[in-house]
Amino acid sequence: MGKVNASIPKGTRDFGPQEVYKRQYIIRTLREVFERFGFQPIETPAMEQLSTLTGKYGDEGDKLLFRILNSGDFLRKADAQALAEKDSQALSPSISEKGLRYDLTIPFARYVVMNQHAITLPFRRYQIQPVWRADRPQKGRYREFYQCDVDIVGTGSLLCEAELIQIYQQAFSALQLPVNILINNRKILEGLAEVIGAKDQFNALVVALDKLDKIGWEKVIEEMERNGIDRSKAEQLQQIIENSGNDLSALREALAGSAAGLKGIDEIETIFSYLNDDEKAGASFTLTLARGLDYYTGTIFEVKAKDAQMGSIGGGGRYDDLTGVFGLKEVSGVGVSFGLDRIYDVLEEKGLYPETAAQGTQVLFVNFDSEGEAAAFGYCRELRAAGFRAEVYPESAKMKKQMKYADANQIPFVILIGSEERQQGVVTLKDMATGDQSTLSLSAVIQHLQEHLA
RNA sequence: GUGGCUAUAGCUCAGCAGGUUAGAGCGCUGGAUUGUGGUUCCAGAGGUCGCCGGUUCAAAUCCGGUUAGCCACCCCA
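What counts as what
Residues numbered from 1 in each chain as written. Chains lettered and ligands numbered in written order. Predicted model: local features only at pLDDT ≥ 70, side-chain atom pairs only at ≥ 80, totals over all residues. Heavy atoms only, no water. Axes fitted to C-alpha atoms, helices over the stretch in contact; angles between N-to-C directions. Helix = DSSP H or I, 4+ residues; strand = E, 2+ residues; numbered from the N terminus. Left-handed = near helix turned anticlockwise from the far one by under 90°. Contact = heavy atoms within 4.5 Å. Nonpolar A, V, L, I, M, F, W, Y, C, P; charged D, E, K, R; others polar. Near = heavy atom within 4 Å. Polar contact = N/O pair within 3.5 Å; in protein donor to acceptor, adjacent residues only side chain to side chain. Pairing = 2+ DSSP bridges. 1 Å grid on protein atoms, 1.4 Å probe; cavity = no way out; pocket = protein on both sides within 12 Å on 5 of 7 lines; lining within 4 Å. Points joined across faces, edges and corners; volume = space filled by probe spheres on them. Buried < 20%, exposed > 50% of the residue type's maximum accessible area, 1.4 Å probe, protein only.

Peer 1: Is there a simple way to explain the packing of helix H1 (residues 17-36) against helix H7 (residues 159-174) in this structure?
Peer 2: Helix-helix packing is characterised by the crossing angle of the two axes and by the distance between the axes. At a minimum axis distance of 9 Å, the contact between H1 and H7 shows a crossing angle of 145°. For the element pair H1 and H7, the recorded crossing hand is right-handed. Residues Tyr25, Thr29, Leu30, Val33, Phe34 and Arg36 of H1 form the contact with H7, whose participating residues are Ile167, Gln170, Ala171 and Ala174. Considered class by class, the residues forming the contact of H1 with H7 number 7 nonpolar, 2 polar and 1 charged.

Peer 1: Which parts of the structure should I look at to understand the protein's contact with RNA strand B?
Peer 2: Surveying the vicinity of RNA strand B reveals 40 residues, the closest of which are Arg133, Arg141, Arg291, Met432 and Gln437. Put simply, 47% of the atoms of RNA strand B that lie within 4 Å of the protein are in sugar or phosphate. For RNA strand B, a sugar or linking oxygen lies 2.4 Å from a polar atom in the side chain of Arg133. Put simply, the parts of the chain that give the surface near RNA strand B at least two residues each are strand E6 (144-153), helix H17 (399-408), helix H18 (419-424) and strand E15 (427-431).

Peer 1: Would you explain the sheet that holds strand E14 (residues 413-416) in this entry?
Peer 2: The strands that make up a sheet are held in pairs by hydrogen bonds between backbone atoms, and each pair lies either parallel or antiparallel. Taken in spatial order, the 5 strands line up as E13-E12-E14-E15-E16 in an open sheet, and their pairing is mixed. Sheet topology places strand E13 (390-392) and strand E16 (437-440) at the edges, where each strand pairs with a single neighbour. Strand-to-strand twist of the sheet, defined as the mean angle between neighbouring strand axes without regard to direction, takes the value 25°. By the bridge criterion, 4 bridges tie E14 to E15 in an arrangement that is antiparallel. By the bridge assignment for E15, Leu416 is matched with Thr428. Docked against the sheet, helix H16 (residues 370-385) engages strand E12 (363-365), E13, E14 and E15, running at close to 170° with respect to E13.

Peer 1: I'm lost on the layout of surface pockets in this one. Help?
Peer 2: Any space left empty among the atoms is revealed by the rolling of a water-sized probe across them. Quantified by volume, the second largest pocket comes out at close to 530 Å³. Residue lining of the second largest pocket: 18 residues in total, with Glu355, Ala358, Gly360, Arg389 and Pro412 positioned closest to the centre. Split into classes, the residues belonging to the lining of the second largest pocket amount to 6 nonpolar, 10 polar and 2 charged.

Peer 1: It is not clear to me how the pairing of strand E5 (residues 123-132) should be interpreted in this structure. Could you clarify?
Peer 2: Within a regular beta strand, the side chains point alternately toward one face of the sheet and then the other, so they alternate between its two faces. When you tally the buried positions in E5, you get 9 out of 10 residues, the bulk of the element. Bridge count for E5 against E6 is 10 bridges, and the pairing is antiparallel. Each bridged residue has a counterpart across the sheet, and for Tyr126 the counterpart in E6 is Val150.

Peer 1: Hey, could you run me through the pairing of strand E9 (residues 299-305) in this one?
Peer 2: Counted residue by residue, E9 has 6 buried out of 7 residues, so it is predominantly covered. Sheet topology note: the strand E7 (residues 179-185)/E9 ladder contains 7 bridges and is antiparallel. Within the sheet, the bridge partner assigned to Asn184 lies in E9 and is Ile300. Across 4 bridges, E9 lies against strand E10 (residues 314-319) in antiparallel orientation. Along E10, the bridge assignment pairs Ile300 with Gly317.

Structure representation (structure tokens):
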């Protein structure tokens, strides 16, 4: 076999031990919060039927789906005409029936429909798994990344929205990461479109408005015009938004002509009424927040880390009829997602990992010779039984090499058992941070470690 | 899908008005120190300069192509 270049696909990454420890720390923290709120874990397959995935994320989303080539002699069953014309898009359905999941929400909707018999609504689930998007990678954007989703389906209660805000706050508080939580309601945006008479260009309006912070009113209006919204209507929208800002009562007057808009305002007010003062302070109604995904129908959320060069690290919203496309009507759901990889990047950038995030070996036994090795192996067994993470260096290499190994792996304690120690039935314990050494019995070692390791 | 930048040792990079033998720091190996790492000193190994082609007496250096990575746009976690 020829030598192949060692590489991994664009937009994917290997994670070394230190990185995995940190990722596990984030996941552990999130899971604790999720479970505190009564959410239950599920997992779904990496691949789904392509029919489950297509058409759910808009045209853009469909392009970003990773498709899995059928096994076997797939060309024999391929659409002959599409193949002859080299029409990839038309050919695709006949040679690819499966795809990698694009998010966790659609697979969850599919799960709910398929497992109706086994779950009791309302159902609270969390799910921490990778998703894949055939995007062009860049900072904070990967082709394989983890989402950590919490959703409640089977109730339209706005208590759920309030809980999700609490979950965001408690999770990021536990991670010691300051964030802004932005909240809006799709119905309010619909109300705006209705009031200015641009109901038919709702999507264009929302996509353009979402960029307001970034590009300013002039460019937003230009983009709206490009997408068929009259300039006068766009300017009317600007007027409304500048007048009311994020003030709900002012907005209520402006949207007086829209039933949907007023309902949206009612919903936001109800949600805030459930929150205490601290919680209210950490979440802000943001009229220009407009998440693109087509299925949101009510509240929408987005989370951004404060003072960080990173897009959103979380988002979500309510979808009144998510399971409808799979044949289960009138099941409302609301949920939010945490972007693990982006949270990781921000914590890394800000140096916010606690020292306890690492979970490496705590004690290394130096290997002197075959007799010492056997003694070390036995002591190591006892330390492990006592709950410590311990290992014996597997061969009697030079002491310098073994010490370097302990150093490189940030192992805080080293135990030496040479002939002298063996004769006296003791071991030498070295604290790598201070360099201090002491000769102790194993039970004294255990006591010492219990006092000095977290 | 569109645009910009980059590619030299295991890693981070220098070298590039073309010119003999391609360098540094870190890391690695050995030694100073045959029971002591992280500091210090000495020595050593390690490169078809991403790949293909062109210009030239001569290319890591200039030109074209190609591949890969990064960044931005679109969109998003």
